[in-house]
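# Coordinate analysis (summary)
Read off the chains here:
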Amino acid sequence: MGYLYLAIAIAGEILGTTMLKYSQGFTKLLPSAGVVLGYGFAFYCLSLALKTMPLGVSYAIWSGVGTALTAIIGFLLWKEKLSAAGVAGIVFIILGVALLNISSNTHA
């Protein structure tokens with residue numbers, strides 16, 4: 001169940017971050033409300049995930065996957081540049097999160 005809450009927390013973070021871009025510095029009301037709701041929901045779900053998951057692993061997954069997906073969304077929605085180094089960075093984030101998760105499961 002922890003991984004389900006974590007996945008929902010990641011979705012909330014992505015929503016909040018995407019709305020942050022649309023809010024244009026909190027000058028647009030609806031996207032600004034989306035930021036508050038998205039991050040609030042994300043932290044709530046993350047707190048539920050932490051009931052059954054280690055802090056280090058869950059936070060690494062939450063922040064790493066959120067960062068990677070945010071970079072991809074920026075590339076797709078706003079045509080932001082994503083260089084070869086940026087793609088390599090995303091791959092390293094995903095590999096790092098996977099390694100942390102594997103090492104946590106072997107020592108649990």
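Look up: the structure comes first, before these words.
Structure report, in brief.

Looking only at helices and strands, the protein features four helices and zero strands. Ordered by position from the N terminus, the helices and strands of the protein form the series α-α-α-α. Taken along its principal axes, the extent of the C-alpha atoms in the protein is 45 × 35 × 15 Å. When each of the 108 residues of the protein is scored for burial, the buried share is 32%. The long-range share in the protein, meaning contacts at least 24 apart out of those at least 6 apart in sequence, stands at 67%.

Now for the packing of aromatic side chains. Each aromatic ring pair is specified by the distance between its two centres and by the angle formed by the two planes. Per the counting criterion, the structure on display carries three aromatic pairs. For the pair Phe43 and Trp62, a centre-to-centre distance of 5.3 Å together with 55 degrees between the ring planes defines the contact as tilted. Of the two residues, Phe43 sits in helix H2 (residues 29–49) while Trp62 sits in helix H3 (residues 55–78), which places them 19 residues apart along the sequence. What makes Phe43 partly exposed here is its relative accessible area of 46%. Grouped by ring-pair contacts, the aromatic residues Phe43, Tyr59 and Trp62 constitute a single cluster. Directly above the ring of Trp78 sits Lys21, whose terminal nitrogen or CZ lies 5.7 Å from the centroid.

Take a nonpolar patch on the surface next. On the surface, Tyr22, Leu69, Ile72, Phe75, Leu76 and Leu77 cluster together into a nonpolar patch covering about 540 Å² of accessible area. Among the elements that make up the nonpolar patch, the one with the highest residue count is H3 (five residues). With respect to the secondary-structure elements, Leu69 resides in helix H3. Relative accessible area serves as the criterion here: at 36%, Leu69 is assigned to the partly exposed category.

Checked against the element boundaries, Tyr22 lands in helix H1 (residues 2–22). Remark: the alpha-carbon pair of Tyr22 and Tyr3, spanning 19 residues in sequence, is separated by 29 Å. Leaving out residues up to four positions away in the same chain, Tyr22 has contacts with Lys28, Pro31, Leu77 and Trp78.

Attention shifts here to the side chain of Ser23. Its place among the elements puts Ser23 in the loop between H1 and H2. Judged by relative accessible area, Ser23 falls into the buried class, the value being 0%. One polar contact links the side chain of Ser23 to the main-chain amide nitrogen of Phe26, over a distance of 3.2 Å. Those residues in contact with Ser23 that sit more than four places away from it in its chain are Lys28, Pro31 and Ser32.

A word on the side chain of Glu13. Position of Glu13 among the secondary structure elements: in helix H1. Notably, Glu13 is buried but unbridged: the nearest opposite-charge side chain belongs to Lys21, and the N-O separation is 16 Å. The residues contacting Glu13, other than those within four sequence positions of it, are Gly38, Tyr39, Ala42, Trp62 and Gly66.

Calculation criteria
- Residues numbered from 1 in each chain as written.
- Predicted model: local features only at pLDDT ≥ 70, side-chain atom pairs only at ≥ 80, totals over all residues.
- Heavy atoms only, no water.
- Helix = DSSP H or I, 4+ residues; strand = E, 2+ residues; numbered from the N terminus.
- Buried < 20%, exposed > 50% of the residue type's maximum accessible area, 1.4 Å probe, protein only.
- Contact = heavy atoms within 4.5 Å.
- Phe/Tyr/Trp six-rings, centres within 6.5 Å; stacked < 30°, edge-to-face > 60°.
- Lys NZ or Arg CZ within 6 Å of the ring centre and 35° of its normal.
- Patch = residues over 30% accessible without salt bridge, like charges linked within 9 Å, V, L, I, M, F, W, Y side chains within 5 Å.
- Areas by Shrake-Rupley, 256 points an atom, 1.4 Å probe, with all protein chains shown as cover.
- Salt bridge = Lys/Arg side-chain N within 4 Å of Asp/Glu carboxyl O.
- Polar contact = N/O pair within 3.5 Å; in protein donor to acceptor, adjacent residues only side chain to side chain.
- Lys, Arg positive; Asp, Glu negative; His and termini not counted.

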